[in-house]
Amino acid sequence: MTTQAAQARNLEHSVPLAALAIAFLKVALYGIGGGGGLVWARRIAVDQRRWISEQDFADIVSLCQFMPGPNIVGIAVCVGTKLRGSIGAIAAVAGFLLIPWTIGFTLGVLYLQHAHHPALQNILGGVSAAAAGLLIATGIRMLLPHRGRPAAVLFAALAFGLMAFGKLPLLFVLLGLAPLSIAVAGIARAR
């Protein structure tokens, strides 16, 4: 058995399924939206629990950009699978979706009934600004492990520019930049 396989087997038994479910339940409850979920998923899986490395998390987020559906659900699937296989993915996604779905459904019904209240509009504006700040901070933290790789920083800046200023959809940016970045990485490795 290889060392990597032995480490994976040890990790499989060291991360309880309940811990995965509770961790992603926290991600959903603390995350307030998709961007906030990314912040908390990183904080819990990388910083607090040390289940995966910063590089692994950045790779998982990159992969989840290509997957259909919300990125954070893809992250739950990938982290759960990495830690405990298919059953880990189920535990992580169940933790992420069960109670927050119920809360979201309830809040959605209440919002539809009271959307016209100015106080609610002010609250949502403040939450939106806070979520944007968290997303920017997470983006910067995810870029830090790549700071010694100029090509990675360049592609991150290109993606940001094309989406923020060029107003291009994420799918078009990914379809355009992914093959180019793969080619650049291949050339760099060949040297």
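Since we're looking at a predicted model, the values are computed, not measured.

Student: Looking at this model, I keep getting lost on the pattern of salt bridges. Mind explaining?
Tutor: Taken as a whole and judged by the stated rule, the model has four salt bridges. Between R42 and E54 there is a salt bridge whose closest N-O contact spans 3.6 Å. One end of the pair, R42, is in helix 3 (residues 34-48); the other, E54, is in helix 4 (residues 54-66), and 12 residues separate them in sequence. Note that R141 and D47 form a salt bridge whose closest N and O atoms lie 3.3 Å from each other. Taken together, the positions of R141 in helix 6 (residues 118-143) and D47 in helix 3 put the pair 94 residues apart, joining distant regions of the chain.

Student: Whenever I open this one, the side chain of T138 confuses me. Can you help?
Tutor: Relative to the helices and strands, T138 is located in helix 6. Note on T138: relative accessible area 5%, which makes it buried. Other than its neighbours up to four places away in sequence, T138 contacts L38 and V39.

Student: So what exactly am I meant to see when it comes to the side chain of H146 here?
Tutor: Among the secondary structure elements, H146 is positioned in the loop between helix 6 and helix 7 (150-164). On the basis of relative accessibility, which here comes to 13%, the residue H146 falls in the buried class. Residues within four places of H146 in sequence aside, it is in contact with Q55, A58, A152 and V153.

Student: Hey, could you run me through the packing of helix 2 (residues 17-31) against helix 5 (residues 71-114) in this one?
Tutor: For any two helices packed against each other, the geometry is given by the interaxial angle and the distance between the axes. Close contact between helix 2 and helix 5 brings their axes to 7 Å; oriented N to C, the two are set at 45 degrees. Put simply, helix 2 runs oblique to helix 5. As for the relative orientation of helix 2 and helix 5, their crossing is right-handed in sense.

What counts and how
Residues numbered from 1 in each chain as written. Predicted model: local features only at pLDDT ≥ 70, side-chain atom pairs only at ≥ 80, totals over all residues. Heavy atoms only, no water. Salt bridge = Lys/Arg side-chain N within 4 Å of Asp/Glu carboxyl O. Helix = DSSP H or I, 4+ residues; strand = E, 2+ residues; numbered from the N terminus. Buried < 20%, exposed > 50% of the residue type's maximum accessible area, 1.4 Å probe, protein only. Contact = heavy atoms within 4.5 Å. Axes fitted to C-alpha atoms, helices over the stretch in contact; angles between N-to-C directions. Parallel < 35°, antiparallel > 145°, perpendicular 65-115°, else oblique. Left-handed = near helix turned anticlockwise from the far one by under 90°.

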